[in-house]
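If you want the building blocks of each chain, they are given just below.
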Amino acid sequence: MNLTVIGTGYVGLVSGTCFSEMGNRVTCIDIDEKKIEGLKNNIIPIYEPGLDTMVKKNVKLGNLHFSTRLKDGLEKADIVFIAVGTPMGDDGSADLQYVLSVAKQIGQEMERPIIVVDKSTVPVGTGDKVKAVIQEELEKRNADIEFHVVSNPEFLKEGAALGDFMKPDRIVIGAESEYAIEQMEALYSPFLLNTSRFISMDIRSAEMTKYVANTMLATKISFMNEVANICELVGADVNQVRIGIGSDSRIGYSFIYPGCGYGGSCFPKDVKALKRTAEENGYVPQIISSVEVVNDKQKLVIAKKVVNRFGEDLSGKTFAIWGLAFKPETDDMREAPSIYTIKELVKRGAKIKAYDPKATDEAQHFYLKEIDNVTYFDSKYDTLKDADAMILLTEWKEFRSPDFDELKKQLKSAIIFDGRNQYATLKLENKGFEYHQIGKN
């Protein structure tokens, strides 16, 4: 098929590249000329394992193209994906200005029947708005061109997006017409050779599905973090509690690992958006609201443990931070717990020595650029020299089995604050460490 993907952010670039991998002819459109020029030269604007190789391969094969002109993508397109950003507004709602702007341009420039797919994460009712905007522009031109609007939410995990797209758990399609559903099923059939989980529904239900999926996962995380905090108060070990409840097949082990809170581009934004959607319709979502409240507090839990150990005045103290990204295998720092932890420590006078395998540039140039007393290093061990404690905030694989003798040698004191409970089973106290974890005193 001839496909056009508008927006070369995380979702758009991954989607377009994976579609091209299956032999489709894909044109990715973006108004950012520098980004498009970079992509033509295999300069990938995001870090996602394997993406650079797949982009380079399909550009060389002639399956994947990049342009700043929407008309280039519409000339032969059978299906057009809208994958532009939907940033969170001040009131927590999703900002649809970019989605609707693209819909307007499509209505102004389309010359042949197409299927328009909302791939961006959008509130319930967006499909209706996109359809109305396109129809309005066609009427202004006195053009009678058939089009169909589809909702096709993405379920990609940063750090594992290529695998998620190529071997999906499910494909959710919201559409009004059987033709659109048939075309989308044909498009995705190569990805579903080992599963039959192609799920079609109405557009509003598909839009709702994305928000509910992410909010459900966020709920599990916040619930377990709240349990962890209770465990600390009553003398229980949340790690053992997790094993005890996870063995119940109705609960399972996914997303019940305690830690210092969730971050990223999806969970915080989608929880707020679903909460806002409920409120706009006269409903007070108590559980969803609590998910957000618990997570906001949890992002400060490691800083609180440090203060409890060293006191409110951290002047003269230095802390080694391992991990800046909100999760491993990404350079994404949006809403990362590291931001909140570092700010809390620095404002009390502490100095920070930080290391992350991929997110250092993001920290230096964007998320922590206004924060003084933060020094960045190219090696995790280099952060340790003369530090008063090591703080682990992201569960990168290279942090799982460090040289604990080296930690003890470099640190002023053998103290570890583990925001992801990576070392909870290692009995570090028996190795001479003072070990602070989530959910156990």
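The preceding data block contains the structure.
Computed from a predicted structure; not experimentally measured. Along each chain, residue indices are assigned from 1 in the same order as the chain's sequence is written. Whole-chain, interface and lining totals are the exception, using all residues; otherwise, since this is a predicted model, local features are given only for residues with pLDDT of at least 70 and side-chain atom pairs are given and counted only at 80 or more. Hydrogens are left out, water is left out, and the side-chain values use all remaining heavy atoms of the structure.

Here we come to the overall build of the protein. Helix and strand assignments come from DSSP, with helices taken as H or I runs of at least 4 residues and strands as E runs of at least 2, each series counted from the N terminus. Each helix and strand counted, the protein has 16 helices and 14 strands in total. In terms of its C-alpha atoms, the protein occupies a principal-axis envelope of roughly 75 × 45 × 40 Å. The burial tally for the protein puts 53% of its 441 residues in the buried class. Long-range pairs, those at least 24 residues apart, make up 74% of the contacts in the protein with a sequence separation of at least 6. In this scheme, a residue with accessible area under 20% of its type's maximum is buried, one over 50% is exposed, and one in between is partly exposed, where area comes from a 1.4 Å probe on protein chains only. Residue contacts are defined here by distance: any two heavy atoms, one from each residue, within 4.5 Å place the two residues in contact.

Only rings of Phe, Tyr and Trp enter the pairing, Trp through its six-membered ring, and a pair is recorded when the two centres are within 6.5 Å. The plane angle decides the type: under 30 degrees is stacked, over 60 is edge-to-face, the rest tilted. Tallied over the full model, the rule gives 16 aromatic pairs. The interplanar angle of 50° and the centroid separation of 6.4 Å between the aromatic rings of phenylalanine 310 and phenylalanine 417 together place this pair among those described as tilted. You can see phenylalanine 310 sitting in helix H13 (residues 301-310) and its partner phenylalanine 417 sitting in strand S13 (residues 415-418), a full 107 residues away along the chain. Each member of the pair, phenylalanine 310 as well as phenylalanine 417, carries the same accessibility label: buried.

Axis definition: a line fit to C-alpha positions, over the contact stretch in the case of helices; interaxial angles, taken between N-to-C directions, run 0 to 180 degrees. Between helix H11 (residues 267-280) and helix H12 (residues 286-298), the least distance of the axes is 9 Å, while the angle of their chain directions is 150°. Judged by the sense of rotation from one axis to the other, the crossing of H11 with H12 is left-handed. Where H11 approaches H12, its residues Val271, Lys272, Leu274 and Lys275 are matched on the opposing element by Ile288, Ser289, Val291 and Glu292. Residue composition of the contact of H11 with H12, by class: four nonpolar, one polar and three charged. Each crossing is labelled by how the near helix is turned from the far one, with a counterclockwise turn of less than a right angle marking it left-handed and a clockwise turn marking it right-handed. Residues were grouped as follows: Ala, Val, Leu, Ile, Met, Phe, Trp, Tyr, Cys and Pro as nonpolar; Asp, Glu, Lys and Arg as charged; and all remaining residues, including Gly, as polar.

What follows concerns the sheet that holds strand S12 (residues 389-392). The parallel open sheet is built from six strands, whose spatial order is S11-S10-S9-S12-S13-S14. Each having just a single partner strand, strand S11 (374-376) and strand S14 (434-436) make up the two edges of the open sheet. Recorded for the sheet is a direction-independent mean angle of 20° between the axes of neighbouring strands. Relative to strand S10 (residues 351-355), strand S9 (residues 318-322) runs parallel, the two sharing five bridges. Within S10, the residue paired with tryptophan 322 across the bridge is tyrosine 355. In the packing of H13 onto the sheet, contacts are made with S9, S12, S13 and S14, and the angle to S13 comes to roughly 155°. A pair of strands is labelled paired if DSSP reports no fewer than 2 bridges between them.

Attention now goes to unusual backbone geometry. One non-glycine residue, asparagine 142, lies in the positive phi region at around 55°. If you trace the backbone, asparagine 142 turns up in the loop between helix H6 (126-140) and strand S6 (147-151).

Attention now moves to the pairing of strand S2 (residues 25-29). Among the five residues in S2, four count as buried, and that is most of the element. Bridge analysis of strand S1 (residues 2-6) against S2 gives five bridges, and the strand direction is parallel. When the sheet's bridge partners are listed, valine 5 is paired in S2 with cysteine 28. By definition, the crossover connecting two strands over a helix is right-handed if that path, from the first strand to the second, turns clockwise as seen with the strands pointing away from the viewer. Note on the crossover from S1 through helix H1 (residues 10-21) to S2: the handedness is right-handed. Bridging between S2 and strand S3 (residues 64-67) involves four bridges; their strand directions are parallel. In the sheet register, isoleucine 29 faces S3, and the bridge partner there is serine 67.

Our focus in this paragraph is a nonpolar patch on the surface. To count toward a patch, a residue needs a relative accessible area over 30% and no salt bridge; like charges are then connected within 9 Å, while nonpolar side chains (Val, Leu, Ile, Met, Phe, Trp, Tyr) are connected within 5 Å. We get accessible surface area from the Shrake-Rupley algorithm with a probe of 1.4 Å; when it comes to residues, only the shown protein chains can shield them. Counted as salt bridges are all cases of a side-chain nitrogen of Lys or Arg within 4 Å of a carboxyl oxygen of Asp or Glu. Together, Ile230, Leu233 and Val234 line one region of the surface with nonpolar side chains, adding up to about 350 Å² of accessible area. Relative to the elements of secondary structure, valine 234 occurs in helix H9 (residues 203-234).

Going through the model one piece at a time under the given rule, you end up with 27 salt bridges. Linking arginine 334 and aspartate 332 is a salt bridge whose minimum nitrogen-to-oxygen distance equals 2.8 Å. Here the salt bridges share partners, and the residues they tie into one network are Glu312, Glu344, Lys347 and Arg348.

Moving on, we get to the pairing of S10. Extensive coverage of S10 is indicated by the burial of four of its five residues. Crossover S9 to S10 through helix H14 (residues 337-346) is right-handed. Pairing of S10 with S11, which is carried by three bridges, proceeds in the parallel orientation. What sits directly across from alanine 354, in S11, is tyrosine 376. As for the winding sense of the linkage, the β-α-β connection from S10 through helix H15 (residues 360-367) to S11 is right-handed.

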